[in-house]
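A closer look at the structure
So the chains spell out like this:
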Amino acid sequence: PNMIERCRFLGEHWEFMYEATYRDLCEAAHVTFMKVPHAPSLAFRAPDQGAALLYEHSRAANYAVEFWGITILECCSLHHNQSARDQFHTALDTLLAQASAITDKFSALTKSHSISF
């Protein structure tokens, strides 16, 4: 089966992660038209001097870490040392909160941009 079929089989949480994380990272890696505004040649001409590009890359990195962390938590759900799993979960939550605080500092202009022809 392909990735979406595997995620659907695993349940609603995994299907959401596929849509919200995996597909977004694929777009970043394979460059679709929607990522054109984030290309360095265009982004650095923007009023915020490339912050849109930095925001998109930061957001993609945050998603990758979250996807990785949730995967580990799911794989370890039956681990004999639930205390260690809980510590990892707490550390992951802290890391994601810190990362979110960084991306939240970007201006609204950076987060909402468009191309004009």
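About the thresholds
Residues numbered from 1 in each chain as written. Predicted model: local features only at pLDDT ≥ 70, side-chain atom pairs only at ≥ 80, totals over all residues. Heavy atoms only, no water. Helix = DSSP H or I, 4+ residues; strand = E, 2+ residues; numbered from the N terminus. Buried < 20%, exposed > 50% of the residue type's maximum accessible area, 1.4 Å probe, protein only. Contact = heavy atoms within 4.5 Å. Areas by Shrake-Rupley, 256 points an atom, 1.4 Å probe, with all protein chains shown as cover. Salt bridge = Lys/Arg side-chain N within 4 Å of Asp/Glu carboxyl O. Phe/Tyr/Trp six-rings, centres within 6.5 Å; stacked < 30°, edge-to-face > 60°.

Some remarks on the overall build of the protein
The helix and strand inventory of the protein stands at 6 helices and 0 strands. If you list the helices and strands of the protein from N to C, you get α-α-α-α-α-α. Burial analysis of the protein (117 residues in total) assigns 26% to the buried set. The long-range share in the protein, meaning contacts at least 24 apart out of those at least 6 apart in sequence, stands at 52%. For the protein, the exposed area adds up to about 8,100 Å²; of that, 61% sits on carbon and sulfur atoms.

Some points on the pattern of salt bridges
Across all of its chains, the model carries 1 salt bridge by this definition. For the salt bridge of glutamate 15 with arginine 8, the shortest nitrogen-to-oxygen distance reads 3.3 Å.

Re the packing of aromatic side chains
Under the definition given, this model contains 2 aromatic pairs. Considering the side-chain rings of tryptophan 14 and phenylalanine 67, the 6.1 Å spacing of their centres and the 85° angle between planes classify their relative orientation as edge-to-face. With a gap of 53 residues between them, tryptophan 14 in helix 2 (residues 12-30) and phenylalanine 67 in helix 4 (residues 51-75) connect regions that are remote in the sequence. By relative accessible area, which is 13% here, tryptophan 14 ends up buried. A centroid spacing of 5.7 Å and a plane angle of 70° characterise the contact between tryptophan 68 and phenylalanine 88, whose relative ring orientation is edge-to-face. Of this pair, tryptophan 68 sits in helix 4 while phenylalanine 88 sits in helix 5 (residues 82-104), placing them 20 residues apart in sequence.

Any link to function would need more than the numbers given here.
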